[in-house]
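# Overview (structure and organization)
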Amino acid sequence: LAACMSAPVHQVYGYTVTTPELGTMSAAQKKERIVQFLKDQYLVTENGKSRLSSVVPRDLFMRSMYVAVAYTMYSSLERGLVKLWKGQ
(Lines give C-alpha, C1' and ligand atoms only; values in the text may rest on other atoms or scores of the structure.)
Protein backbone atom coordinates (compact mmCIF):
# COMPACT_ATOMS: atom_id res chain seq x y z
CA LEU A 1 0.00 0.00 0.00
CA ALA A 2 2.80 2.42 0.88
CA ALA A 3 4.51 1.69 -2.44
CA CYS A 4 1.34 2.59 -4.35
CA MET A 5 0.63 5.70 -2.31
CA SER A 6 4.15 7.05 -2.81
CA ALA A 7 4.23 6.37 -6.57
CA PRO A 8 3.12 9.89 -7.61
CA VAL A 9 5.73 11.44 -5.31
CA HIS A 10 8.47 9.36 -6.92
CA GLN A 11 7.14 10.17 -10.40
CA VAL A 12 7.36 13.88 -9.57
CA TYR A 13 10.87 13.46 -8.19
CA GLY A 14 11.99 11.68 -11.36
CA TYR A 15 10.40 14.39 -13.48
CA THR A 16 11.96 17.28 -11.57
CA VAL A 17 15.49 15.89 -11.60
CA THR A 18 15.35 15.20 -15.34
CA THR A 19 13.77 18.52 -16.35
CA PRO A 20 16.44 21.21 -15.96
CA GLU A 21 14.21 24.07 -17.13
CA LEU A 22 12.21 23.77 -13.91
CA GLY A 23 15.19 25.37 -12.16
CA THR A 24 14.52 28.71 -13.83
CA MET A 25 10.75 28.78 -13.30
CA SER A 26 8.75 30.45 -10.58
CA ALA A 27 7.03 28.28 -7.97
CA ALA A 28 3.66 28.79 -9.68
CA GLN A 29 5.07 27.72 -13.05
CA LYS A 30 6.72 24.67 -11.50
CA LYS A 31 3.47 23.67 -9.84
CA GLU A 32 1.60 24.05 -13.13
CA ARG A 33 4.14 21.90 -15.01
CA ILE A 34 4.18 19.21 -12.31
CA VAL A 35 0.38 19.02 -12.17
CA GLN A 36 0.28 18.75 -15.96
CA PHE A 37 2.93 16.01 -15.84
CA LEU A 38 0.86 14.01 -13.35
CA LYS A 39 -2.26 14.45 -15.45
CA ASP A 40 -0.38 13.26 -18.53
CA GLN A 41 0.90 10.23 -16.61
CA TYR A 42 -2.28 9.13 -14.87
CA LEU A 43 -5.25 10.41 -16.88
CA VAL A 44 -6.72 9.81 -20.33
CA THR A 45 -9.27 12.24 -21.76
CA GLU A 46 -11.81 10.96 -24.27
CA ASN A 47 -14.89 12.85 -25.44
CA GLY A 48 -14.27 15.54 -22.84
CA LYS A 49 -14.20 13.06 -19.94
CA SER A 50 -11.11 12.13 -17.98
CA ARG A 51 -10.46 8.71 -16.48
CA LEU A 52 -7.49 6.86 -15.06
CA SER A 53 -5.09 5.55 -17.66
CA SER A 54 -5.11 1.79 -18.20
CA VAL A 55 -1.41 1.64 -17.31
CA VAL A 56 -1.97 2.92 -13.76
CA PRO A 57 -2.93 -0.46 -12.26
CA ARG A 58 -0.02 -2.12 -14.08
CA ASP A 59 2.47 0.48 -12.86
CA LEU A 60 1.21 0.29 -9.28
CA PHE A 61 1.33 -3.52 -9.32
CA MET A 62 4.88 -3.49 -10.67
CA ARG A 63 5.94 -0.93 -8.08
CA SER A 64 4.40 -2.90 -5.20
CA MET A 65 6.11 -6.10 -6.39
CA TYR A 66 9.46 -4.31 -6.67
CA VAL A 67 9.17 -2.92 -3.14
CA ALA A 68 8.01 -6.29 -1.76
CA VAL A 69 11.04 -8.04 -3.28
CA ALA A 70 13.42 -5.33 -2.08
CA TYR A 71 12.10 -5.50 1.49
CA THR A 72 12.17 -9.30 1.46
CA MET A 73 15.78 -9.30 0.29
CA TYR A 74 16.71 -6.73 2.94
CA SER A 75 14.96 -8.74 5.66
CA SER A 76 16.64 -11.98 4.60
CA LEU A 77 20.06 -10.34 4.48
CA GLU A 78 19.56 -8.74 7.87
CA ARG A 79 18.45 -12.01 9.48
CA GLY A 80 21.37 -13.86 7.94
CA LEU A 81 23.88 -11.29 9.14
CA VAL A 82 22.42 -11.23 12.66
CA LYS A 83 22.52 -15.03 12.80
CA LEU A 84 26.12 -15.03 11.55
CA TRP A 85 27.11 -12.32 14.02
CA LYS A 86 25.54 -14.12 17.01
CA GLY A 87 27.26 -17.35 15.99
CA GLN A 88 30.73 -15.89 16.52
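### Side note on the overall build of the protein
Per the secondary structure count, the protein includes four helices and two strands. On C-alpha atoms alone, the protein measures out to a radius of gyration of 19 Å, which is more than a quarter above the 12 Å that the 2.2 N^0.38 rule sets for 88 residues. In terms of overall dimensions, the protein has C-alpha extents of about 65 × 35 × 15 Å along its principal axes. In the protein, the proportion of contacts linking residues at least 24 apart, taken out of those at least 6 apart, comes to 42%.

### A closer look at the confidence of the model for the protein
On average, residues of the protein score 91 in pLDDT, and 99% of them are at 70 or above. The spread of mean pLDDT over the elements of the protein runs between helix α1 (residues 2-5), the lowest at 81, and helix α3 (residues 27-42), the highest at 94.

### Considerations on the packing of aromatic side chains
Inspection of every chain in the model, using the stated rule, returns one aromatic pair. For the ring pair Y15 and F37, a centre distance of 4.3 Å and an interplane angle of 15° mean the geometry is stacked. Taken together, the residues span a long stretch of sequence, with Y15 in helix α2 (residues 7-17) and F37 in helix α3 at a distance of 22 residues.

### Regarding the pattern of salt bridges
Oppositely charged side chains may form a pair once their charged atoms are brought near each other. Inspection of the entire model under this criterion finds three salt bridges. A salt bridge links D59 to R58, with the nearest nitrogen and oxygen atoms 2.7 Å apart. For D59, a relative accessible area of 29% corresponds to the partly exposed category. Judged by its relative accessible area of 46%, R58 falls in the partly exposed class.

### Digging into the environment of L38
Its place among the elements puts L38 in helix α3. The class of L38 is partly exposed, set by a relative accessible area of 23%. Residues L38 and V12 lie 26 residues apart in sequence; the distance between their C-alpha atoms is 7.5 Å.

### Some thoughts on the packing of α2 against α3
Following both chains from N to C, one finds α2 and α3 inclined at 120°, their axes separated by 10 Å at the closest point. By the angle between their axes, α2 is oblique relative to α3. Relative to α3, α2 is oriented so that their crossing is right-handed. Residues A7, P8, Q11, V12, Y15 and T16 of α2 lie in contact with α3, whose contacting residues are R33, I34, F37, L38, Q41 and Y42. Taken together, the residues of the contact of α2 with α3 break down into eight nonpolar, three polar and one charged.

### With respect to the pairing of strand β2 (residues 49-52)
Where strand β1 (residues 43-46) meets β2, four bridges bridge the pair, whose relative direction is antiparallel. Opposite V44, over in β2, you have R51 as the bridge partner. Counting the residues in the hairpin turn of β1 and β2 gives two residues, including N47, whose phi is positive at 55°.

Conventions and cut-offs
- Residues numbered from 1 in each chain as written.
- Predicted model: local features only at pLDDT ≥ 70, side-chain atom pairs only at ≥ 80, totals over all residues.
- Heavy atoms only, no water.
- Helix = DSSP H or I, 4+ residues; strand = E, 2+ residues; numbered from the N terminus.
- Rg over C-alpha atoms; globule rule 2.2 N^0.38 Å.
- Contact = heavy atoms within 4.5 Å.
- pLDDT = per-residue confidence, 0-100.
- Phe/Tyr/Trp six-rings, centres within 6.5 Å; stacked < 30°, edge-to-face > 60°.
- Salt bridge = Lys/Arg side-chain N within 4 Å of Asp/Glu carboxyl O.
- Buried < 20%, exposed > 50% of the residue type's maximum accessible area, 1.4 Å probe, protein only.
- Axes fitted to C-alpha atoms, helices over the stretch in contact; angles between N-to-C directions.
- Parallel < 35°, antiparallel > 145°, perpendicular 65-115°, else oblique.
- Left-handed = near helix turned anticlockwise from the far one by under 90°.
- Nonpolar A, V, L, I, M, F, W, Y, C, P; charged D, E, K, R; others polar.
- Pairing = 2+ DSSP bridges.

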